[in-house]
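Below, each chain spelled out in residue letters.
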Amino acid sequence: MSEQLQNYPRLSAFICVQFLLFITRIVITTSRKITKKMYTKSQPDPVRLEIFKNLYQFIAEQMGIVLQNTATSVNIKERLDFSCAIFDSYGLLVANAPHIPVHLGSMSESVRSLINDVDKTIKPGNVYLSNNPYNGGTHLPDVTAITPVFLDNKNNIHSPIFYVASRGHQADIGGITPGSMPPYSTTIIEEGIIFDNFLLVKEGEFQEVAVRKHLLNHPYPSRNSDQNLADFQAQIAANNRGMQELLKMVQQYGLETVQLYMQFVQDNAEEAVRRAIDVLKDSAFSYEMDNGAKIQVEVKIDKENRTAKIDFNGTSTQLNSNFNAPQAVTQAAVLYVFRTLVNDNIPLNAGCLKPLEIIIPENCMLNPTYPAAVVAGNVETSQAIVDALYGALGVMAASQGTMNNLTFGNQKYQYYETICGGSGAGINFNGTDAVHTHMTNSLLTDPEILETRYPVQVESFSVRKNSGGKGKYSGGDGIVRRIKFLEPMTANILSGHRVVPPFGLNGAEPGQVGRNWVQRENGDEEILDSTATVEMQSGDVFVVETPGGGGCS
């Protein structure tokens, strides 16, 4: 399946959003006239609930359209490695566009960290920047712009009524390797620059001098601060669109109604997750990673209260590598899994978390403390958490379980991509070939764009036949991607399931492990580990063979 087809829902939403917003406003206006007295503060009108739910999502979609159109980096503009969402006055996620799951499930923690920052005075016209992994962030390249939304002072409301936020993966944010995804970092300082509720816009004025200084005043500074600034400005523009649309809603329907239905949307999601929990039973699973780390998870169901306890006791302690996953990432993975168990069409939001109790022990690789390295935790360990939960619940076999993170560059060029593979089979369905799985939902850059912007050539990109595990239902196949370098550059790979195969379910075969290697211009082959840094010369080819998904019997 092509990258374009696998992301069809996301692309089609971009195309249709303007039309849907227009139709939604017509319908909701009509509904308002018809059902004006048909709801209370404790009981929503079902028609309006559905309409408001979609309207909140469409606002997030509009933010995404603006961000894509105004960004300059290939990573955001072409690969769509970004996410947009809206939050209530408490910083709780209300609705999002169908962007990147690992972003969406964790952004609320960044917004709430800003709200709880006693040293910050949140004013109209301010925009804040955050990527702190110990304060709601995922890893340093994922930088979040947060805009508080105020009403006019004439309304006598002097605190934010909503927040909007956009998170984009920066092609480079400093660190010891180009692309800011160093395979061998052991501290956060080696991974790049931290923004912790940094004032990006002060009462409407973009703080260019201060931002640039922050990007460059670091032991391992940003290699392309101009591109960073341009993408930050695109995020500001995206947030402005979200703010404008929310204020239009308030003007048309009233603040009380808009905020009331934000709560109703979260309550609806909460009930949907409780219905999913009703059919679950106690379970446990142990998941081994290539580096020897282990994720242990136990799920305990309280039938009476319709809640689930997700307990990670027994998981490996904090690692001396960068596979530590920040607590916000762990929460995002749990939220994603339980959202996928819901049959109803609900937005992923804070309501989904209410029936869940997540227990993560201290000094654990899923809850690291400063200055632990985390760059792979967001992209690799998050995938492992998801598969461990699916294994415990008996829902589906392991998918490729990795994002196959490839970065390359030098002081002039920096590029990052995640590469698709096979998804796991489940009860009554086969896995899918060549798709991004679970916590990622980005595109691969079109070869024409990649080869125009960078001195590389895509030699081939093909399905890796028979790499999915066999069973009554077979896992999806991975891919083989060959990139030829036309100039000397440093390449880095952060990946998983090169040693431990993606597990099969109910006795079915596992998927095949992946493989990373370099074919030198003289024909020599250099086999690489799951994580590796290698110097590429002109004529060398970097080859990534991604894992297949596990089968199911």
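This section reports on the structure supplied with the text. (Residues numbered from 1 in each chain as written. Predicted model: local features only at pLDDT ≥ 70, side-chain atom pairs only at ≥ 80, totals over all residues. Heavy atoms only, no water.)

**Remarks on the pairing of strand β8 (residues 283-288)**
- By the alternation rule, side chains of β8 split into S283, F285 and Y287, which are all buried, and A284, S286 and E288, of which none is buried.
- Sheet analysis places β8 next to strand β9 (residues 294-302), joined by six bridges and oriented antiparallel. By the bridge assignment, E288 is partnered in β9 with K294.
- The hairpin formed by β8 and β9 contains five residues between the paired strands, and G292 there has a positive phi angle of roughly 90°. (Buried < 20%, exposed > 50% of the residue type's maximum accessible area, 1.4 Å probe, protein only. Helix = DSSP H or I, 4+ residues; strand = E, 2+ residues; numbered from the N terminus. Pairing = 2+ DSSP bridges.)

**Description of the environment of D267**
- Position of D267 among the secondary structure elements: in helix α9 (residues 255-277).
- C-alpha of D267 to C-alpha of C352: the two residues are 85 residues apart in sequence and 8.5 Å apart in space.

**Describing the sheet that holds strand β19 (residues 531-536)**
- Judged by pairing direction, the sheet is antiparallel, and its four strands sit side by side in the order β13-β12-β16-β19 without closing on themselves. In this open sheet, the two strands that pair with only one neighbour each are β13 (414-417) and β19. Neighbour-to-neighbour, the strand axes of the sheet open up by a mean angle of 15°, direction not taken into account.
- Bridge count for strand β12 (residues 405-409) against β13 is four bridges, and the pairing is antiparallel. Pairing of G409 across the sheet is with Q414, part of β13. (Axes fitted to C-alpha atoms, helices over the stretch in contact; angles between N-to-C directions.)

**Some words on the side chain of N324**
- One can find N324 in the loop between β10 (307-311) and α10 (327-340).
- A polar atom in the side chain of N324 sits 3.0 Å from the backbone oxygen of S321.
- In contact with N324, other than residues within four places in its own chain, are Q318, L319, M365, P368, A372, A373, V374 and G377. (Polar contact = N/O pair within 3.5 Å; in protein donor to acceptor, adjacent residues only side chain to side chain. Contact = heavy atoms within 4.5 Å.)

**Considering the pattern of salt bridges**
- Counted according to the given criterion, the structure contains 21 salt bridges.
- The closest approach of N and O atoms between D81 and R79, which form a salt bridge, is 3.3 Å. The two residues D81 and R79 agree in class, both being buried.
- We note a salt bridge from R515 to E525, for which the minimum N-O separation is 3.9 Å. With R515 in strand β17 (residues 515-519) and E525 in strand β18 (residues 525-528), this residue pair connects regions lying 10 residues apart in the sequence. (Salt bridge = Lys/Arg side-chain N within 4 Å of Asp/Glu carboxyl O.)

**Regarding α10**
- Under the 1.5 Å per step criterion, the end-to-end length of α10 is 20 Å for 14 residues, consistent within 8% with the ideal 20 Å.
- With 12 of 14 residues buried, α10 is to be regarded as a mostly interior element.
- Within α10 the residues assigned to the buried category are A328, V329, T330, Q331, A332, A333, V334, L335, Y336, V337, F338 and R339. (Expected span 1.5 Å × (residues − 1).)

**Digging into empty space enclosed by the protein**
- Following the criterion strictly, the structure yields two cavities of 30 Å³ or more and no others.
- For the largest cavity, the calculated volume is near 90 Å³.
- Taken together, Y287, E288, M289, D290, N291, F323, E380, A384, G401, S495, G496 and H497 make up the lining of the largest cavity.
- Contributions of two or more residues to the lining of the largest cavity are made by β8 and α11 (375-393).
- Considered class by class, the residues forming the lining of the largest cavity number four nonpolar, five polar and three charged.
- For the lining of the second largest cavity, the secondary structure elements donating two or more residues are α5 (101-104) and α11.
- A class-by-class count of the residues in the lining of the second largest cavity yields six nonpolar, seven polar and three charged. (1 Å grid on protein atoms, 1.4 Å probe; cavity = no way out; pocket = protein on both sides within 12 Å on 5 of 7 lines; lining within 4 Å. Points joined across faces, edges and corners; volume = space filled by probe spheres on them. Nonpolar A, V, L, I, M, F, W, Y, C, P; charged D, E, K, R; others polar.)

Bear in mind that shape data such as this cannot, by itself, settle questions of function.
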